[in-house]
Amino acid sequence: MKNTFNILTLGCKVNQYESEAIEELFINRGFEKQEDKADIYVINTCTVTNMSDRKSRQTISKARKENPNAIIAVMGCYSQVKPDEVKKIEGVDIILGSRNKEDVVSLCQDFLNDKKQISDIISLSETKTIEELQIENQSEMTRAYIKIQDGCNMYCSYCMIPYARGDISSRNMDSIVEEAKKLTDNGFKEIVLTGIHVSSYGKEKALKEKSDLIDVIENVAKVDGVKRIRLSSMEPRHISRDFLERMKKTGKACDHFHLSLQSGSNHILKLMNRKYDPSLYKEKVELIREYFPNAGITTDIIVGFPQETEEDHKDTLEFIKEIGFSKIHVFKYSKRTGTVAATMSGQINGNIKKERSHDILKLEEKIRKDFLQKQVGNTLSVLFETKSDMDGFMSGYSSNYLRVNVKDKVETNQIKDVLITEVKDNELIGKII
Ligand code: SF4
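Visitor: Explain the pattern of salt bridges residue by residue, including any values.
Guide: Should the charged atoms of two oppositely charged side chains come close, the side chains can pair. This model, assessed by the stated rule, comprises 37 salt bridges. In this structure, aspartate 53 engages lysine 82 in a salt bridge whose closest nitrogen and oxygen atoms are separated by 3.3 Å. In this pair, aspartate 53 is assigned in helix 2 (residues 50–66) and lysine 82 in the loop between helix 3 (77–81) and helix 4 (83–88), connecting sequence segments 29 residues apart. Note on aspartate 53: relative accessible area 3%, which makes it buried. By sharing partners, the salt bridges in this structure join Glu18, Arg99, Lys101, Lys147, Asp150 and Arg165 into a single network.

The following block contains the structure:
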């Protein structure tokens, strides 16, 4: 009788990617995936906010409570930074960190034999190489993620990730290309290159073979089945003329750039220990638009960072108008124990955070509408994914990352050119040409 397992994942796209890779490892070792009443529950935790820690603990306790006889294995960023807290949670059998997740399968087999609690947290300072996890198939139908990099050395003052994921490390180029081949053999047309700090690909000093993110893009673009390459995020400083020229030349790069801004105030960017100022950010966006005039520029903004004045907030609102983003994710600053920002004076109260977040969301709605309206009359390349919420329509994402709906007959996972005719409910409508 096969042992059954299930993986519960919290957090980012990289965590989701790793859970899918671990799922394949279990299945390749003869285990069977089962949602309920499984023999093994693996919880892939997150620690990006205090709330993520709490949710991780709740998920672990719930899995134990609902499955008194199952093996409970905990891994990921929360157990990497707080292993003792995880050990104290009743009924945890196996504890791993964020950089040795592939060991969970053999540790479950060990536990099946010995029934003794296992804790295997490897120190991040000793971890110089990346786990070579690979996926041949993915739960998403049209877009496949490939994790190319791990870790971050930026140490933004509000962020726990460098303490949870450790130093930057890059995957071997051949294994990335091999994975892209396998995924496109399985029908995927769009590849999303992801990581903890994608722009740091190839930047670790120890790396013998000097390569850069643009080398990954060019090599993945050489894989026949790959029709589109999307980047999960970019660091503004790494945008250069050479990078954009080579990206454009591949003919497969999506004109969508997720450039986390966080604040439009130089005063706050300095306190955040971000490595750019608003004028450099703007310069890079203008460079992008030189090569990709209709690029979708999306971003993240934190409101209510410690010591943020009304003036700083106004600077951010003005800067947003200058850039004209296609989408903004707004986060209220949340104090994260263990970060530099958590110890800063001038913490902002919740009501002010709410007001400022409201201001930015209101502005975001207007500039997003402006960007959508600008698409009317344009022809966009769309990868169709699913039936639309609009009755009788099919929908998919354009290369500049906008949702497009058509009435035409089209299959899932097909890429078509669409002439945009109108904007409706913050989405685009068009017809295939
Ligand atoms: S770049 Fe900054 S915010 Fe992003 S993961 Fe690294 S430290 Fe965190």
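Visitor: Summarise the packing of aromatic side chains; cite the residues concerned and give the values.
Guide: Enumeration according to the criterion identifies 10 aromatic pairs in this entry. Ring centres of tyrosine 397 and tyrosine 401 lie 4.7 Å apart, and the angle between their planes is 25 degrees; this geometry places the pair in the stacked category. In this structure tyrosine 401 comes out as partly exposed when scored by relative accessible area, which is 30%. Three or more aromatic residues link up through ring pairs in this structure, and these residues are Tyr276, Tyr281, Phe319 and Phe325. Its guanidinium or amino end placed over the ring of phenylalanine 292, lysine 248 lies 5.2 Å from that ring's centre, counting from NZ or CZ.

Visitor: An account of the pairing of strand 10 (residues 228–231) is requested, with residue identities and associated values reported.
Guide: The side chains of a regular strand alternate between the sheet's two faces. Because side chains alternate across strand 10, one face comprises the buried residues Arg228 and Arg230, and the other comprises Ile229 and Leu231, equally buried. As judged from the four bridges shared by strand 9 (residues 190–195) and strand 10, these two strands associate in the parallel manner. Within the sheet, the bridge partner assigned to leucine 193 lies in strand 10 and is leucine 231.

Rules used in this analysis
Residues numbered from 1 in each chain as written. Predicted model: local features only at pLDDT ≥ 70, side-chain atom pairs only at ≥ 80, totals over all residues. Heavy atoms only, no water. Salt bridge = Lys/Arg side-chain N within 4 Å of Asp/Glu carboxyl O. Helix = DSSP H or I, 4+ residues; strand = E, 2+ residues; numbered from the N terminus. Buried < 20%, exposed > 50% of the residue type's maximum accessible area, 1.4 Å probe, protein only. Phe/Tyr/Trp six-rings, centres within 6.5 Å; stacked < 30°, edge-to-face > 60°. Lys NZ or Arg CZ within 6 Å of the ring centre and 35° of its normal. Pairing = 2+ DSSP bridges.

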